[in-house]
Amino acid sequence: MKLETLDKDVQSIQEARVLARQGKIAAQQFANYTEEQVDRILRNMVKKAIDNAIILAKMAVEETGFGKVEDKVFKNYLAGQFVYNYIKDMKTIGVVAQDTANKVTSVAEPMGLVMGIVPSTNPTSTAIYKAMIAMKARDAIVFAPHPSAFKCTKLAADLMAQAAEEAGAPKNVIQCVETPTMESTNELMHAKEVSMIIATGGPGMVKAAYSAGKPALGVGAGNSPSYIERSANIRQSVADIIGSKTFDNGTICASEQSVMVDECIANQVMDEFRAQGGYFMTADETAKVCKLLFKNGTSMNAKFVGRSAKYIADAAGVAVPDGTKVLLGKQDGVGPAYPLSYEKLTTVLAFYVVKDCNEACELSFKLLENGIGHTMSVHTENPEVAKAFSIKPASRILINVGGSQGGTGMCTGLAPAFTLGCGTCGGSATSENVTPLQLINIKKVVYPIRNVDSILQVNPKLKELLDQVKAEKGSSCCGGATLESVLATPGQNAISVGCCTGKNQAGGISINEEELRKIIHEVAKNMR
């Protein structure tokens, strides 16, 4: 029976099984490639990504309706050239570290077949990026695209596969699901051939990845607050925030979701926002916009993800001036009664006025509870303020830079990435921007640097404790043997433990020299 004659869900499950098996074979073949071979593959993938950056960007916007073509071109370039520049010199093959003093050699080993879950917000750039880091780690990868971004994700994956195979990579080292369904994604997540899952998407998908019973790198929700402190350069701070929030119409999860401003500069900041294209909504206008943006409480309505401020305002019946870039709504609290306090991957911001740094600290904690572990940004010229915010539960504390440009590594020293870990507080296995280093296993080749005898010589207290144990068990049962004599004299001497009278050894335990050495070795190892 042909797959085409089957129901879609059944067809997609069988397809997923085939892809997993093919990917496993490719991974086994790829594991033997050299650094030179891998680099040749990566360079060809970068060229392919750049050559097709525009067509992929146009296709993504047309298919999803999210974002802007010019910014998606930038993201595709970032995923290719920026990522390559960052990872090209990483040690991911063979010996990656050597500690001569402790006689430990670290050897990198690929994980095998990786599953890459791709979101609809950054479909083509995420596919390029994940393919790049997988190849650098010598892992095969199979993509599960979001159904609403299937065509552009599939094209990006196919282009990366074509480039890799043209440069000598094994067939099927990069694959993509052709029938995207929840069933196929679930099948891949649980496939025994898949060694690791990199999940970038909604909270439900990330939770499912972590529940699949295998290693996973997931990204939690981003609800990044931004604080403009009284010492900040107001004009530049506002420009950074607007530039970040309007970059691809706010689809990057590190983009700002709320702005906190010191009371003493609030009017100046509001004037600057208005001058640069911000529109402060009235309470009624804010309510109208929130009614459109959210459904089922505080869940974002996909129809308004990655949309321009004008598009959202028009849909809500709110008249805004020409040139409006972002919509801002004043908020007095955090939680369901204040929906703008939640994540909004679009061109809308919550706006808070705080008394001072202390109140901003408290408010940022509350806001981050709905996006804990991800990102926050601080605009200040006071190093002590920046230091104070380093304790916040966010994996990226960005100073004087926009969230989109800073969090992704575009304009900072962070690894260029589209999978941004949230740490254990955010339910993630990593707090890093994910790189090939999270996609390799490190084996240790070790030689001894001490023996049991030398341990006892430099740890007299250990020797004393062991002698004490022997004495308490009764030296008469041991024929007067001492620890030193057992360690120093070869033979089959036996020490009876458990009888102290020497009259009845039926209940005792006989320990020979070799067994005693093993006991001492284990004790020493546990005390290191």
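Residues numbered from 1 in each chain as written. Predicted model: local features only at pLDDT ≥ 70, side-chain atom pairs only at ≥ 80, totals over all residues. Heavy atoms only, no water.

A. Here's a closer look at the overall build of the protein. Looking only at helices and strands, the protein features 19 helices and 19 strands. Within the protein, the fraction of its 528 residues that count as buried is 55%. Considering only contacts in the protein between residues 6 or more positions apart, those separated by 24 or more positions represent 71%. With the model as given, the accessible surface of the protein reaches about 23,500 Å², and the carbon-plus-sulfur share is 52%. (Helix = DSSP H or I, 4+ residues; strand = E, 2+ residues; numbered from the N terminus. Buried < 20%, exposed > 50% of the residue type's maximum accessible area, 1.4 Å probe, protein only. Contact = heavy atoms within 4.5 Å. Areas by Shrake-Rupley, 256 points an atom, 1.4 Å probe, with all protein chains shown as cover.)

B. Here's a closer look at the sheet that holds strand β17 (residues 440-446). A sheet is described by the order of its strands in space; here 3 strands give the open sequence β1-β2-β17, paired in antiparallel fashion. Two strands lie at the open edges of the sheet, namely β1 (94-99) and β17, each paired on one side alone. Direction aside, the axes of adjacent strands within the sheet are offset by 25 degrees on average. Strand direction decides the pairing type here: strand β2 (residues 104-110) and β17, joined by 7 bridges, are antiparallel. Within β17, the position partnered with Glu 109 by the bridge is Asn 441. (Pairing = 2+ DSSP bridges. Axes fitted to C-alpha atoms, helices over the stretch in contact; angles between N-to-C directions.)

C. Looking closely at the packing of helix α2 (residues 35-51) against helix α6 (residues 150-166). Between α2 and α6, the shortest axis-to-axis distance is 8 Å and the interhelical angle comes to 140 degrees. One element, α2, and the other, α6, form an angle in the oblique class. Here the hand of the crossing between α2 and α6 comes out right-handed. Between α2, through Ile 41, Asn 44, Met 45, Lys 48 and Ala 49, and α6, the contact on the second element is made entirely by Leu 159, Met 160, Gln 162, Ala 163, Ala 164 and Glu 166. Here the contact of α2 with α6 is built from residues that sort into 7 nonpolar, 2 polar and 2 charged. (Parallel < 35°, antiparallel > 145°, perpendicular 65-115°, else oblique. Left-handed = near helix turned anticlockwise from the far one by under 90°. Nonpolar A, V, L, I, M, F, W, Y, C, P; charged D, E, K, R; others polar.)

D. How the structure looks around the confidence of the model for the protein. Per-residue confidence for the protein averages 91 on the pLDDT scale, and 89% of its residues sit at or above 70. In the predicted structure, residues 491-507 sits below a pLDDT of 50 and forms 39 contacts with residues beyond four places in sequence or in another chain. (pLDDT = per-residue confidence, 0-100.)

E. How the structure looks around the packing of aromatic side chains. Overall, the coordinates contain 10 aromatic pairs when judged by the stated rule. Consider the rings of Phe 30 and Tyr 33, whose centres lie 5.0 Å apart with planes at 70 degrees: the pair is edge-to-face. What makes Phe 30 buried here is its relative accessible area of 0%. Positioned over the ring face of Tyr 311 is Arg 307, at 4.7 Å from the centre of the ring. A cation over a ring is seen here: Lys 392 above Phe 389, with NZ or CZ 4.7 Å from the ring centre. (Phe/Tyr/Trp six-rings, centres within 6.5 Å; stacked < 30°, edge-to-face > 60°. Lys NZ or Arg CZ within 6 Å of the ring centre and 35° of its normal.)

F. Molecular detail of the nonpolar core. Counting 80 residues, the largest nonpolar core has Met 45, Met 135, Ile 174 and Ile 197 as its most contacted members. Counting residues per element, this core draws most heavily on helix α5 (residues 123-136), which supplies 8 residues. For Met 135, the residues in contact, after removing those within four places along its chain, are Phe 30, Val 38, Ile 41, Leu 42, Met 45, Ala 140, Ile 141, Val 173 and Ile 174. Counting residues in hydrophobic clusters, the runner-up holds 36 residues, among them Phe 66, Ala 309, Val 320 and Ala 360. (Core = buried A, V, L, I, M, F, W, Y, C linked by side-chain atoms within 4.5 Å.)

G. A look at the pairing of β2. Burial of β2 is extensive: 5 of the 7 residues sit out of reach of the surface. The pairing of β1 with β2 spans 5 bridges and is antiparallel. Residue pairing in the sheet places Gln 98 in a bridge with Thr 105 of β2. What sits between the antiparallel neighbours β1 and β2 is a turn of 4 residues, in which Lys 103 has the positive phi angle 55 degrees.

H. Seen up close, the pairing of strand β16 (residues 394-399). Across 5 bridges, strand β15 (residues 373-379) lies against β16 in parallel orientation. Among the inter-strand pairings, Gly 373 is bridged to a residue of β16, identified as Ala 394. Assessed by its sense of winding, the connection that carries the chain from β15 through helix α14 (residues 383-388) to β16 is right-handed. (Right-handed = clockwise from strand over helix to strand, strands pointing away.)

I. View of the environment of Gln 37. Relative to the helices and strands, Gln 37 is located in helix α2. For Gln 37, a relative accessible area of 27% gives the class partly exposed. Separated by 132 residues in sequence, Gln 37 and Ala 169 have C-alpha atoms that sit 8.2 Å apart. At 2.8 Å, the side chain of Gln 37 and the backbone nitrogen of Thr 34 are in polar contact. (Polar contact = N/O pair within 3.5 Å; in protein donor to acceptor, adjacent residues only side chain to side chain.)

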